[in-house]
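Structural description and commentary
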Amino acid sequence: MKLVSNVLQDISGIQIYYIVGLLIFVVLFVYIFIRTYFLTPRAELTSIKESIFEDDELNSNE
Amino acid sequence: MELQKFNYDNKIVKQFIWATIIWGVVGILVGLIAAIQLAFPSWNFGIEFTSFGRMRPLHTNAIVFAFVGNSIFAGVYYSLQKLLKARMYSDVLSKINFWGWQLVIVLAAVTLLSGITTSKEYAELEWPIDILIAIVWIVYGWNMIGTMIKRREKHIYAAIWWYVATFIGVAVLHVVNSFELPVSLFKSYSVYAGAQDAVVQWWYGHNAVAFFLTTPFLGLMYYYLPKAAGRPIYSYRLSIIHFWALIFLYMWAGPHHLLYQALPDWAQALGVTFSVMLIAPSWGGMINGLLTLRGAWDKVRDSAALKFMVVAVTAYGMATFEGPMMSLKNVNAISHFTDWTIAHVHIAGMGWNGGLTFGMLYWLVPKLFRTKLFSEKLANTHFWVATLGMLIYAIPLYWAAITQWLMWREYTPEGFLTYPNFLETLTQILPMYVFRIVGGTLFLIGFLLMVFNLVKTMAAGNFIANDPAEAPALDKSASRSATGETIHRWLERKPVRFAIWAFIALAIGGAAEIIPIVFIKSNIPTIEAVTPYTPLELEGRDTYVSEGCYTCHSQMVRPFRWETDRYGEYSKIGEFVYDHPFQWGSRRIGPDLARTGVVGGQMYKTAAWHYNHFMDPQKMNEQSIMPPYPWFAEKDMDFDLMPAKIRAMQTLGVPYPDGYDQEAVADMKAQAKEISEQLKASGIEISPDKQMIGMIAYLHKLGRDISSNANSNEAKKEVEKVEISLTNSPDEIAAGKEIFTATGCTACHGINGEGNAIGPSFQDAEWTNGGTPSDVFDVIKNGRAAKGMTPYGNQLSEEKIKQVTSFILNEINKK
């Protein structure tokens, strides 16, 4: 891991890596959120949710 | 499409259910005994195998790996087959998983009670068992992923994502944290040292919570809660969002166990930030669980299974809010080392893990045995008893935590600690420890009701080991673009690719925090004065590790005035560079020990004091709950292994001179002889070969290297004595007597000042440092470092020291 030690020799300024990492997380989170909530058909999700039930298990009181 | 016939393997599920039940009784019972030991130390029985330091890790391992572990396997093996419409990939792998896991548990029980331990929390098991765990875990993953590949159901349901994340997360955590260098079959040293070991250990420790106690249970929740309620999960979209967010964020949270400790600030800040962010995906899981019951709350009224699941999800929500709050530095400053952490852990453990396990079993066992539950009434009784037990357990511990932290940090108007004697804070919270016993007993009673109920259900039912089923073969769809799937939908039918992305998501946090700590030297500023442990000190340290002293004692003075006033200088990261493993501790049932080697310091005690204290702590301090360690005077140290230990340390980078392994035993014996002779001078006869000698050497090392030389210089300086006139006031003398007792003077000078092996008598006319009021006042205020007399000048005001002086001279000495 000499490569790592050499590259990260000086600890000062390391916070930039974490800030960038957080930003990547936030961007990805927003992207996945939008795609999941607005672009996925509801009917498909309902069928997946109900797929775990046998015929008589699902409560008819929806 | 043609239907394929196959059989579900119910036998393996039944086996794991039995293991869950049996180990659950064992784990809770051991916990109950540990709780009794804390309130009533006679329950340590004076034998090494039942002392608290060994019982506590047995309890944690039995609950986490034996009880919870088997319940995870039971729940996963049943639901995975049903969700994938396939029998487990390999019956042989299933058997190896089951029997291998039970073997791990049995070995854990035997080794932990024998004192064979690494002392790393929830990773106490030594290296041969670590290897066995890795093998069994690989077998489990192989079986699970094999089943996913040969499945008949195209889509991989949300529960299984959590199972996959669990498998990968635990594998990564276990392997990285278990890097240890064996010295013998029963002993190894952590490859990491000090702060590095602390970061890796608590990255592991917190994520054992994440990937063993949370993710598999979220998976179980996604299957068993909808099945029990007859309602589909509330939001599949929410399950996607909170899954990826949770497995990514959790791995960063580890440093919240190390706040205000000897860790770089940037690491602490990351731990806090990500812990607070974790509230969102955790509550995503809670919301998804609770809202699944929309339209089905009437069923909760009559179903014990659903009641337990509701409490489980609620406890999960509570604990995942409380945890982030405890991760805030200002909260952590007061809650760390107190019973708040214990209360938090048990709300989560009893409520979330226990509750969901009970709910799952109450639904699954009747299903598996094709019958109704033997008694719904008994199950509901279990529910109320368990819930009450949980509350009676936790609430007194919150009270105890607040009591302790307030007492630790309270100052008199003159600026001295109001409760300088640690024991005063402990005696106040002992009644709360009795409540803990009541809570734990109720929880055990409830568990036994469940055992009876389930056994009767099984006896009345009709169990089919190989349950016939049929389903069409897997429809291997075309690539993603042709079917117009979303990315996630496509990923959900690609188990290996899904697993790879899950690995990437969860690996980032650990890498980001551990790599800089381990590989960048500037993160760990060294201290030139800090030297490696001598062979005798190393042996004593190994005894400290073996006896689990860290379960009650910390070695980490935090940079707060109310800690430095009580213990001495705050702990620096460079002090721990040779500590394989670290011993910072996570609880103060007893005082911090980081400065017990600072001669003239508040925590220093002579060899004779330590001898008497280990032999019978209650004789020294009546209210102490510390177990006795009489075997320290009987058991020999292991001289034969020392050369190998030195070589191992050299391999790990500790700068012993070349060839020192050949001289180590001679050095060890020479130092041991010195300590043995010190004890002899105090009237204590003990062979220099005994473990007691090593323990004393180790305790006299702690903090010594960084204590300033001014201590010895000050001892030589002429200290101007204050002219004191005694008081004859009965109130002041009574106050002096109270201080004499409360501060612990009696431990060394006897209850009536008659003296003992440690401290001189006040009843005679012999005064080593002079018997005038000024002389006695001076000794109490400034101490006598060479004799081990603690200086009380920074704990007691001059007025109080005068009261004690008057009590000693006017009452004990009858002048």
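Residues numbered from 1 in each chain as written. Chains lettered and ligands numbered in written order. Predicted model: local features only at pLDDT ≥ 70, side-chain atom pairs only at ≥ 80, totals over all residues.

**Considering the overall build of chain B**
The condition that has to hold: Helix and strand labels come from DSSP, where a helix needs a run of H or I of at least four residues and a strand needs a run of E of at least two; each type is numbered from the N terminus. What the globule rule says is 2.2 Å times the number of residues to the power 0.38, and the radius of gyration is computed from C-alpha atoms. Here a residue counts as buried when 20 or more other C-beta atoms fall within 10 Å of its C-beta, as exposed when 12 or fewer do, and as partly exposed in between; the C-beta atoms come from the backbone. Residues are defined as contacting one another if the C-beta atoms placed from their backbone atoms lie within 7 Å.
Broken down by element type, chain B carries 30 helices and four strands. Here chain B has a C-alpha radius of gyration of 29 Å; the compact-globule value for 815 residues is 28 Å, and the two agree. When its C-alpha atoms are laid out on the principal axes, chain B stretches across 105 × 60 × 45 Å. Buried residues in chain B amount to 54% of all 815 residues. Of the contacts formed within chain B by residues at least 6 apart in sequence, a portion of 82% connects residues at least 24 apart.

**Describing helix H3 (residues 91-113) of chain B**
Residue and element names in this part refer to chain B. To keep things clear, this is the line we draw: What a helix is expected to span follows from its residue count: subtract one and scale by 1.5 Å.
For H3, built from 23 residues, the straight-helix expectation of 33 Å at 1.5 Å per residue is met to within 8% by its first-to-last C-alpha distance of 33 Å. The elements touched by buried residues of H3 are strand E1 (3-9), helix H1 (11-39), helix H2 (52-84) and helix H4 (127-149). Among the residues trailing H3, Gly115 stands out with phi positive, at a value near 85°.

**Describing the packing of H2 of chain B against helix H6 (residues 194-229) of chain B**
Residue and element names in this part refer to chain B. We count it as follows: With axes taken as lines fitted to C-alpha atoms, and helix axes fitted only over the stretch in contact, angles between N-to-C directions fall between 0 and 180 degrees. Here a crossing is called left-handed whenever its near helix is offset anticlockwise from the far helix by less than a right angle, and right-handed whenever the offset is clockwise.
Relative orientation of the contacting elements H2 and H6 amounts to 35°, with a least axis distance of 10 Å. When you trace H2 past H6, the crossing you get is left-handed. Counted together, Val64, Val68, Ile72, Gly75, Val76, Ser79 and Leu83 of H2 and Phe212, Leu213, Pro216, Leu220, Tyr223 and Tyr224 of H6 form the full contact between these two elements.

**Observations regarding the nonpolar core**
All names here are of chain B. This is how the line gets drawn: In plain words, the nonpolar core is the set of buried Ala, Val, Leu, Ile, Met, Phe, Trp, Tyr and Cys residues that C-beta atoms within 7 Å link up.
Tyr77, Ile160, Val199, Ile247, Met309 and Tyr362 are the most contacted members of the largest nonpolar core, which has 246 residues in total. When residues in this core are grouped by element, the largest group, 23 residues, is from H6. Those residues within four positions of Tyr77 in sequence are excluded, and the remaining contacts are Ile12, Val13, Phe16 and Met88.

**Remarks on the domain arrangement of chain B**
Residue and element names in this part refer to chain B. The condition is simple: How far each domain reaches was decided by an automatic or database domain assignment. Ten residues, namely Ala, Val, Leu, Ile, Met, Phe, Trp, Tyr, Cys and Pro, are considered nonpolar, four, namely Asp, Glu, Lys and Arg, are considered charged, and the remaining ones, Gly among them, are considered polar.
When cut into domains, chain B gives domain 1 (10-470 + 486-515), domain 2 (535-707) and domain 3 (722-812). Here domain 2 and domain 3 have C-alpha centroids that lie 29 Å from each other. In terms of residues, the side of domain 2 that touches domain 3 owes the most to one element, helix H21 (residues 607-615), which gives three residues. A breakdown of the residues in the side of domain 2 that touches domain 3 according to their chemical character gives six nonpolar, seven polar and two charged.

**Brief notes about the pairing of strand E3 (residues 187-190) of chain B**
Residue and element names in this part refer to chain B. Spelled out, the test is: In this analysis, strands are considered paired if DSSP registers two or more bridges between them.
One ladder, built from four bridges, connects strand E2 (residues 180-184) with E3; its direction is antiparallel. Considered in E3, the bridge of Glu180 is made with Ser190. Between E2 and E3, which pair antiparallel in sequence order, lie two residues.

**Regarding the environment of Gly683 of chain B**
Structurally, the position occupied by Gly683 of chain B is in the loop between helix H24 (664-681) and helix H25 (691-699). The sequence separation of Gly683 of chain B and Ile758 of chain B amounts to 75 residues, and the corresponding C-alpha distance is 9.2 Å.

**Focus on helix H5 (residues 158-177) of chain B**
Over its 20 residues, H5 of chain B runs 29 Å from end to end, which matches the ideal 28 Å to within 8%, given 1.5 Å per residue. Buried residues dominate H5 of chain B, accounting for 15 of its 20 residues.

**Here we look at the interface of chain B and chain A**
Between chain B and chain A, the residue contacts involve 31 residues of the former and 29 residues of the latter. If you list the elements that add at least two residues to the side of chain B that touches chain A, you get H6, helix H7 (236-249), helix H8 (265-277) and helix H18 (495-519) of chain B. The element contributing the most residues to the side of chain B that touches chain A is H7 of chain B, with seven residues. Within the side of chain B that touches chain A, the residues separate by chemical class into 21 nonpolar, seven polar and three charged.

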